[in-house]
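Okay, here's what each chain looks like letter by letter:
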Amino acid sequence: MRQVQLSLWNPDSAPPAKPENGSYRRIRVLITAKTAPLPTAHDSEVVCVAGLRLDDPAEESWIRLCPIDVRGLAAEDRFRKYEIVLLHAKPSRTDRRPESWVPNLAAMRRETWVLGWSRRRSLIDPHLTRTMCELLRDVRANPAARSLAVVPVAGVEDLEITRNPRWMPRQRAQVAGAAGRTAPDGRVAGPLRAPRFQVRYRYRCPSDRCTGHRQAIVDWDLAALQYRYRDHSDAELREAITRDFMVRRLRPNCDIAFFVSSRAARADSFSVLGVYNPPRSVRAAGWSRRNGRQRRSPARVRRA
């Protein structure tokens, strides 16, 4: 078993209720994870993006932005992990999960990419949930409880890599319809490929009574890695996945946590959206969430 340890975590507040007014609101979001794309019935692809709202300290909380057609965005609009973006969004009325909002990217603006783990830690660490076991206990008692979180990991026991079923006939038709779409910058989208493998983490959280968790990885990076290795053998792809998701992302000198999300159809079934792995030696900087600047010295951020 690979031992990892998180030295700092704090309780997370309950998710705020969605505003009754369903109109679009301008919000500021730190992007923390995005899922692998899935085909839809509208000749497009669905990607869900997780992040932290930074626009209003009174409402600062996790947010899920879905649907987003990332591959359909122009290159200059393709935001990345740990980037702060400004956009309009409204509460989702079809997704009952409290953090789910529908984005309108027409006027989206990429603000800054948060450079350096000390500044990232200052933004994310205050929102670390105590344990995955507590998160599950809460949603089993109340399906409207938190569905999006970052949870500390006490130890990763295994990385399960199994053959992924091919697209269903309905999905294959949707993939064919989406292929050949032209992005705003003139790029033509190729056909969406089903990942060759499904990958799951088996891990323990810091709860004294934890019997282990087994959760699928739905990270965009995993799908991208499999696409890059599309012409390699199964053995080579397995080795690449293990090297990336068991070795590189779970380095022993890092504090390890997982960004997790429940499924829309089942509140107590969670997946891993991504790995949060700040170096243990790096402490959080004094960061002002309102203006995105460090209080004591100029923030090192890279302009998009």
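For every chain, the first residue of the written sequence is number 1, and numbering continues from 1 along that sequence. Local features are withheld for residues below a pLDDT of 70 in this predicted model, meaning they are given only at 70 or higher, and side-chain atom pairs are given and counted only at 80 or more; totals for whole chains, interfaces and linings count all residues. Just so you know, side-chain values use all the structure's heavy atoms and leave hydrogens and water out.

Caption draft 1: Molecular detail of the sheet that holds strand β13 (residues 266-276). Here three strands make up an open sheet; going across it, the order is β8-β12-β13 and the pairing antiparallel. Of all the strands in the sheet, just β8 (148-152) and β13 have a single pairing partner and so form its edges. The average undirected angle you get between the axes of adjacent strands in this sheet is 35°. We call two residues contacting when some pair of their heavy atoms lies within 4.5 Å. Lines fitted to C-alpha atoms define the axes, with helix axes restricted to the stretch in contact, and inter-axis angles between N-to-C directions lie between 0 and 180 degrees. By definition, any uninterrupted DSSP run of H or I lasting at least four residues is a helix, any uninterrupted run of E lasting at least two residues is a strand, and each is numbered from the N terminus. Sitting on the sheet, helix α2 (residues 132-141) is in contact with β8, β12 (257-263) and β13, with an inclination near 150° to β13. Strand pairing is assigned whenever DSSP identifies at least 2 bridges connecting the two strands.

Caption draft 2: Molecular detail of the packing of helix α4 (residues 220-228) against helix α5 (residues 234-248). Put simply, α4 and α5 touch, their axes get as near as 10 Å, and they point 150° apart. Relative to α5, α4 is oriented so that their crossing is right-handed. When α4 is examined against α5, the residues Asp221, Leu222, Leu225 and Gln226 are found in contact with a partner set consisting of Leu237, Ala240, Ile241, Asp244 and Phe245. Here the residues of the contact of α4 with α5 sort into six nonpolar, one polar and two charged. Each helix crossing is assigned a hand: it is left-handed if the near helix lies turned anticlockwise from the far helix by less than a right angle, otherwise right-handed if that turn is clockwise. Residue type decides the class: Asp, Glu, Lys and Arg count as charged, Ala, Val, Leu, Ile, Met, Phe, Trp, Tyr, Cys and Pro as nonpolar, and the leftover types, Gly among them, as polar.

Caption draft 3: Geometry of the pairing of strand β10 (residues 197-204). Relative to β10, strand β9 (residues 155-163) is paired through eight bridges, and the arrangement is antiparallel. Residue leucine 159 lies in a different strand from β10, and its bridge partner there is tyrosine 201.

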